[in-house]
Amino acid sequence: MQISMRMLFSLWPGTLAAWRLGDPRSLLIAIAFGLIACTAWIGTTIWPMWLDSWKIWGLWCVVVAGSLVSCAHNAMIGLLARPKLNIGCPLDQWMLAQEHYLQANYFEAERILQPFAFGKNTDVEAALLLSSIMRRTERYHQSMELLDQLALLDDAWRWHDEIAKEKRLVLQQKVRSHTESL
């Protein structure tokens, strides 16, 4: 998002935090501010006799003050700054994890991939490889949970087919292990 767009959204209290951080409290603040702004606009333009002039003036003061406070707050907490790019798993660690995976050193590969498969800096490729490791070590439930979490990520749209394929493989191996144990 360009700085001008971030600044524009910063004038609406709660929108930047709700959008960039997924904060439900900020979403409620944005909705409440929207209701106040709409009430002030309707009272000014459509039904001017609906509210007293001092109430309309007070609503507009709340809207302007809310916008200024929101902009200052967003600047102080750093939401106006350019978002940091998720760099994901570094290439050298990715290649090392892949090498361990191909040599069936699953513990070592999992140790390398673990920090990049969970949290805010989730790397979809690393998480997919980790899910495959979990499948191969017969931790089917954990693998399915990880794949379900991956499917919800914004960056996962490119990996939709691979995530679906991995889910099928997990289910097939889970069924196969159950039938063999009988």
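Presented here is a report on the structure given in the accompanying data block. (Residues numbered from 1 in each chain as written. Predicted model: local features only at pLDDT ≥ 70, side-chain atom pairs only at ≥ 80, totals over all residues. Heavy atoms only, no water.)

1. Notes on the overall build of the protein
Then comes step 1: Helix and strand counts for the protein come out as 9 helices and 0 strands.
Then comes step 2: In sequence order, the secondary structure elements of the protein are arranged as α-α-α-α-α-α-α-α-α.
Then comes step 3: Here the protein has a C-alpha radius of gyration of 25 Å; the compact-globule value for 182 residues is 16 Å, and the former is much larger.
Then comes step 4: Counting only C-alpha atoms and orienting by the principal axes, one finds that the protein spans roughly 80 × 40 × 20 Å. (Helix = DSSP H or I, 4+ residues; strand = E, 2+ residues; numbered from the N terminus. Rg over C-alpha atoms; globule rule 2.2 N^0.38 Å.)

2. Quick word on a nonpolar patch on the surface
Then comes step 1: Where nonpolar side chains cluster on the molecular surface, the patch consists of Trp41, Ile46, Trp47, Trp50 and Trp60 and spans about 600 Å² of accessible area.
Then comes step 2: Examined against the element boundaries, Trp50 turns out to sit in the loop between helix H3 (24-45) and helix H4 (53-77).
Then comes step 3: By relative accessible area, which is 48% here, Trp50 ends up partly exposed. (Patch = residues over 30% accessible without salt bridge, like charges linked within 9 Å, V, L, I, M, F, W, Y side chains within 5 Å. Areas by Shrake-Rupley, 256 points an atom, 1.4 Å probe, with all protein chains shown as cover. Salt bridge = Lys/Arg side-chain N within 4 Å of Asp/Glu carboxyl O. Buried < 20%, exposed > 50% of the residue type's maximum accessible area, 1.4 Å probe, protein only.)

3. Observations regarding the packing of aromatic side chains
Then comes step 1: Within this structure, the stated rule accounts for 3 aromatic pairs.
Then comes step 2: The interplanar angle of 75 degrees and the centroid separation of 5.9 Å between the aromatic rings of Trp47 and Trp50 together place this pair among those described as edge-to-face. (Phe/Tyr/Trp six-rings, centres within 6.5 Å; stacked < 30°, edge-to-face > 60°.)

4. Notes on the pattern of salt bridges
Then comes step 1: Taken as a whole and judged by the stated rule, the model has 4 salt bridges.
Then comes step 2: With a closest N to O distance of 2.9 Å, Glu108 and Arg111 form a salt bridge. Placement of the pair is Glu108 and Arg111 together in helix H6 (residues 106-117), with a separation of 3 residues, close to one helical turn.
Then comes step 3: Residue Glu108 is classed as partly exposed on the basis of its relative accessible area of 27%.
Then comes step 4: A salt bridge links Asp148 to Lys167, with the shortest nitrogen-to-oxygen separation between them at 2.9 Å. Highlighted residues: Asp148 in helix H8 (residues 140-151) and Lys167 in helix H9 (residues 160-181), separated in sequence by 19 residues.
Then comes step 5: The class of Asp148 is partly exposed, set by a relative accessible area of 37%.
Then comes step 6: A residue is classified by how much of its surface remains accessible, and Lys167, at 22% relative accessible area, is partly exposed.

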